[in-house]
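For reference, the chains in residue letters:
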Amino acid sequence: MKVRTTPTFDRAEKKLLARDKKTVADAVREVMDNPNVGEVKKGDLAGVFVHKFKINKQEILLSYRLSKDELLLIALGSHENFYRDMKR
């Protein structure tokens, strides 16, 4: 499965510490192993999945889209304003 990222995801990941980037990489691997691990969104965000995991006891959301042979990582961040920013 091919993995692509958006500039939004890249900016969020760039700000993380090295150990936190490893946690994100583990979460991405988990999504690749089981693409339906995330929760399917409805309404304005139809077709988007959101996988929740923790970094340093803080819940982080990873949004992604699936196609036949591609995983598109859209955004990464805490719950605060996450869905509002995703709609933009």
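Okay, so let's go over this structure. What you see is a predicted model; the values in this text were computed from it and never measured. (Residues numbered from 1 in each chain as written. Predicted model: local features only at pLDDT ≥ 70, side-chain atom pairs only at ≥ 80, totals over all residues. Heavy atoms only, no water.)

1. A few points about the overall build of the protein
- On a plain count of helices and strands, the protein comes out with three helices and five strands.
- Reading the secondary structure of the protein in the N-to-C direction produces β-α-α-β-β-β-β-α.
- Taken against the 2.2 N^0.38 rule, which gives 12 Å for 88 residues, the C-alpha radius of gyration of the protein at 12 Å falls within 12% of a compact globule.
- Taken over 88 residues, the protein has a buried fraction of 34%.
- Long-range pairs, those at least 24 residues apart, make up 43% of the contacts in the protein with a sequence separation of at least 6.
- Accessible area of the protein: about 5,900 Å², with a carbon and sulfur share of 49%.
- Across the protein, the centroid of the 19 positively charged side chains sits 3 Å from that of the 13 negatively charged ones. (Helix = DSSP H or I, 4+ residues; strand = E, 2+ residues; numbered from the N terminus. Rg over C-alpha atoms; globule rule 2.2 N^0.38 Å. Buried < 20%, exposed > 50% of the residue type's maximum accessible area, 1.4 Å probe, protein only. Contact = heavy atoms within 4.5 Å. Areas by Shrake-Rupley, 256 points an atom, 1.4 Å probe, with all protein chains shown as cover. Lys, Arg positive; Asp, Glu negative; His and termini not counted. Charge placed at Lys NZ, Arg CZ, Asp CG, Glu CD.)

2. So, the pairing of strand β3 (residues 49-55)
- Counting buried positions along β3 gives five out of seven residues, so the element sits mostly inside the fold.
- Direction of pairing for strand β2 (residues 39-40) relative to β3: antiparallel, over a ladder of two bridges. From the neighbouring strand, E39 faces β3, where its bridge partner is V50.
- Hairpin connection from β3 to strand β4 (residues 58-66): two residues lie between these consecutive antiparallel strands, with N56 at a positive phi of about 50°. (Pairing = 2+ DSSP bridges.)

3. As for the pattern of salt bridges
- Summed over the entire model, instances satisfying the criterion amount to six salt bridges.
- Linking D44 and K87 is a salt bridge whose minimum nitrogen-to-oxygen distance equals 3.7 Å. Taken together, the positions of D44 in the loop between β2 and β3 and K87 in the segment after α3 (82-86) put the pair 43 residues apart, joining distant regions of the chain. Each member of the pair D44 and K87 is classed as exposed.
- Through salt bridges with shared partners, a single ionic network connects K22, D26 and R29. (Salt bridge = Lys/Arg side-chain N within 4 Å of Asp/Glu carboxyl O.)

4. Comments concerning the packing of aromatic side chains
- All told, the structure shown has two aromatic pairs when counted by the stated rule.
- Relative to Y64, the ring of F49 has its centre 5.4 Å away and its plane inclined at 10°; by these criteria the two rings are stacked. Of this pair, F49 sits in strand β3 while Y64 is found in strand β4, placing the two residues 15 residues apart along the sequence. Take F49 and Y64: they sit in the same class, and that class is buried. (Phe/Tyr/Trp six-rings, centres within 6.5 Å; stacked < 30°, edge-to-face > 60°.)

5. Quick notes on the sheet that holds strand β1 (residues 2-5)
- Reading across the sheet, the five strands line up as β1-β5-β4-β3-β2 and stay open at both edges, with mixed pairing between neighbours. Of all strands in the sheet, those bounded by a partner on one side alone are β1 and β2.
- Its contacts with the sheet put helix α1 (residues 7-14) on β1, β4 and β5 (70-77), and the angle it makes with β5 is roughly 50°. (Axes fitted to C-alpha atoms, helices over the stretch in contact; angles between N-to-C directions.)

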